[in-house]
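Per-entry structural report
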Amino acid sequence: YKGEAGRMDKNIAKAYLGKLYLYEKKYDLALPLFQEVIAGKDLKTMSFLNNFNVETEDGPEALLVSKHAINPDGSPDNANVGDMLSGISAAPVSCCGFYQPTFDLVNAYKVDANGLPYLENEYRTDPYKSDFGLSAEEKLTYSVNKNLRVDPRLDYTVGRRGVPFLDYGLMAGDSWIRKAADSGPFVGIKTMVYQSQFAAHTVAGEAYITGLDVNIIRLADVYLMAAECAVELGQLDVALGYVNDVRARAANIPIKSVGGVAVAAYDVKPYPSFLNDKDYARKAVRMERRLELALEGHRFYDLVRWGEAKNVLESYSAFEGSFLPFYKGLNFKTHNDYFPIPQTEIDRSGGNLKQNAGYN
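Before going into details, it helps to say that this report is about the structure given with it. Small disclaimer: the values here were computed from a predicted structure and weren't measured.

Another aspect to go through is the overall build of the protein chain. Along its length, the protein chain carries 12 helices and 10 strands. Here the C-alpha atoms of the protein chain give a radius of gyration of 21 Å, agreeing with the 21 Å that 2.2 N^0.38 yields for 360 residues. Counting only C-alpha atoms and orienting by the principal axes, one finds that the protein chain spans roughly 60 × 55 × 50 Å. Across the 360 residues of the protein chain, 49% fall into the buried class. Sequence-distant contacts, at least 24 apart, represent 68% of the contacts inside the protein chain between residues at least 6 apart. A total accessible area of about 17,200 Å² is found for the protein chain, and carbon and sulfur atoms account for 54% of it. Where the 40 positive side-chain charges of the protein chain centre and where its 46 negative ones centre are 2 Å apart.

Counting buried positions along strand β6 (residues 206-210) gives four out of five residues, so the element sits mostly inside the fold. Pairing analysis gives two bridges linking strand β5 (residues 202-203) to β6, with the strands arranged antiparallel. Its bridge partner being in β6, Thr 202 is matched across the sheet by Thr 210. Between the end of β5 and the start of β6, which pair antiparallel, lie two residues, with Gly 205 showing a positive phi angle near 80°.

Applying the stated criterion to the full structure yields one disulfide. Here Cys 95 connects covalently by a disulfide to Cys 96, the sulfurs 1.4 Å from one another. Between Cys 95 and Cys 96, the disulfide has an S-S torsion of 50° and is therefore right-handed. Assigned by exposure class, Cys 95 and Cys 96 land together as buried.

For the rest of this paragraph, the subject is the packing of aromatic side chains. One pass over the structure, following the stated rule, counts 18 aromatic pairs. A centroid spacing of 6.2 Å and a plane angle of 75° characterise the contact between Phe 274 and Tyr 280, whose relative ring orientation is edge-to-face. On the basis of relative accessible area, Tyr 280 is assigned to the partly exposed category, the value being 22%. Judged by centre distance (5.3 Å) and plane angle (80°), the rings of Phe 319 and Phe 323 are edge-to-face. The exposure classification of Phe 319 matches that of Phe 323, with both residues buried. Cluster of aromatic residues (ring-pair linked, three or more members): Phe 103, Tyr 128, Phe 132, Phe 186, Phe 319 and Phe 323. Geometry around Tyr 156 places Lys 256 over its ring, the cationic atom sitting 4.5 Å from the centre.

Between helix α1 (residues 10-23) and helix α2 (residues 27-38), the shortest axis-to-axis distance is 8 Å and the interhelical angle comes to 155°. On the basis of their axis angle, the class for α1 and α2 is roughly antiparallel. For the element pair α1 and α2, the recorded crossing hand is left-handed. Contacts between α1 and α2 pair Asn 11, Lys 14, Ala 15, Leu 17, Gly 18, Lys 19, Tyr 21 and Leu 22 from the former with Tyr 27, Leu 29, Ala 30, Leu 33, Phe 34, Glu 36 and Val 37 from the latter. The class makeup of the residues in the contact of α1 with α2 is 10 nonpolar, two polar and three charged.

This part takes up the side chain of Thr 102. Here Thr 102 is to be found in the loop between β1 (62-66) and α3 (103-108). Setting aside anything within four residues of it in sequence, one finds Thr 102 in contact with Phe 186, Tyr 316 and Glu 320.

End to end, helix α9 (residues 278-293) covers 22 Å across 16 residues, agreeing with the expected 22 Å (1.5 Å per residue, within 8%). Among the residues of α9, Ala 281, Ala 284, Val 285, Met 287, Glu 288, Arg 289, Arg 290, Leu 291, Glu 292 and Leu 293 are the ones counted as buried. Close packing links the buried residues of α9 with α3, β7 (214-218), α7 (219-232), α8 (236-251) and α10 (299-305). By the N-cap criterion, in which a side-chain oxygen at the helix start approaches the backbone nitrogen of a residue two or three places on, α9 is capped by Asp 277, the distance to Asp 279 being 3.0 Å.

A few words on unusual backbone geometry. Cis geometry is adopted by the peptide bond preceding Pro 92, which originates at Ala 91 and carries an omega value of 10°. By the element assignment, Pro 92 lies in the loop between β1 and α3. The phi angle at Asp 126 is positive, at roughly 50°, despite the residue not being glycine. Structurally, Asp 126 is set in the loop between α3 and α4 (136-140). Judged by relative accessible area, Asp 126 falls into the exposed class, the value being 66%.

What counts and how
- Residues numbered from 1 in each chain as written.
- Predicted model: local features only at pLDDT ≥ 70, side-chain atom pairs only at ≥ 80, totals over all residues.
- Heavy atoms only, no water.
- Helix = DSSP H or I, 4+ residues; strand = E, 2+ residues; numbered from the N terminus.
- Rg over C-alpha atoms; globule rule 2.2 N^0.38 Å.
- Buried < 20%, exposed > 50% of the residue type's maximum accessible area, 1.4 Å probe, protein only.
- Contact = heavy atoms within 4.5 Å.
- Areas by Shrake-Rupley, 256 points an atom, 1.4 Å probe, with all protein chains shown as cover.
- Lys, Arg positive; Asp, Glu negative; His and termini not counted.
- Charge placed at Lys NZ, Arg CZ, Asp CG, Glu CD.
- Pairing = 2+ DSSP bridges.
- Disulfide = S-S within 2.5 Å.
- Phe/Tyr/Trp six-rings, centres within 6.5 Å; stacked < 30°, edge-to-face > 60°.
- Lys NZ or Arg CZ within 6 Å of the ring centre and 35° of its normal.
- Axes fitted to C-alpha atoms, helices over the stretch in contact; angles between N-to-C directions.
- Parallel < 35°, antiparallel > 145°, perpendicular 65-115°, else oblique.
- Left-handed = near helix turned anticlockwise from the far one by under 90°.
- Nonpolar A, V, L, I, M, F, W, Y, C, P; charged D, E, K, R; others polar.
- Expected span 1.5 Å × (residues − 1).
- Polar contact = N/O pair within 3.5 Å; in protein donor to acceptor, adjacent residues only side chain to side chain.

Next comes the structure, spelled out in structure tokens:
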């Protein structure tokens with residue numbers, strides 16, 4: 001409600017409880033709660049972009065949100081300092097260059113001839129690398145590949161060379177990146193504010209400290225958690241509807257262009273069906289979460305919930321490490337699915353708390 005941003009309400013409570021049940025695999029309890037949150041709302045009519053714009057973030061999609069603001073005197077006490085290190089390292093932000101999107105994430109946005117994502121890592125074949133690996137001379141004549149078939153959410157999630165970046169102009173490549181040879185050629189968009197918003201929504205002289213909120217649970221997340229439950233309950237048509245609503249909204253995202261020409265062959269289409277195949281439906285839902293919620297802090301916890309963290313992270317390590325040697329050779333220990341419980345808390349519990357396996 002207007003003037004009530006930041007308050008908890010029944011929808012937030014239902015979404016949060018539903019998420020708890022989802023992690024406990026109590027799909028029959030979680031799905032009705034998610035459906036009550038979704039009832040009466042139409043994600044397709046809501047702007048994807050508004051979720052990441054400091055001037056429109058209190059929209060109908062916002063549910064559980066960490067609120068941030070620059071104080072009236074310009075100080076950062078209530079600002080989003082959690083994302084401050086993810087600012088681009090070049091002017092006008094000039095700090096700090098962490099939390100860069102990966103080659104694997106960027107290529108996951110590729111689509112097939114039907115406008116659908118690749119669900120079996122086929123996107124890693126002939127990977128798109130922007131200008132990475134080109135010589136200094138070759139980089140001087142680089143131009144963006146306008147024939148790259150991708151989901152339009154890519155260019156509102158990732159900054160890549162030759163593509164408009166908010167109101168900063170074209171993303172310039174290496175000059176925006178702390179050290180591309182170590183971390184790749186891409187930068188994140190979702191944690192950034194427009195230059196035109198600096199005066200009101202950043203700290204003076206420190207534009208990497210912003211008033212941008214962080215979405216903890218937003219409506220698209222609820223749609224996809226509902227889809228996940230529906231798959232596990234065998235309700236594949238219900239799951240299909242939720243996934244396709246998310247994809248239909250993505251199809252309405254404005255394309256990015258330079259001189260009136262689109263900078264990619266953008267395409268995103270609904271799934272015609274889930275082929276009465278639970279495994280296929282499961283993979284589609286999981287990929288949709290990756291594409292829709294990228295860089296919003298859900299991915300690792302999703303992988304743990306699905307029991308896929310070790311397999312996916314080690315496969316990612318092999319692929320990403322083929323470009324960036326630093327990423328090679330990951331051996332993920334499954335006990336790292338969960339954090340250790342601080343010893344002080346175990347002591348305070350009088351022995352009631354037991355340390356998670358693998359940390360003794």
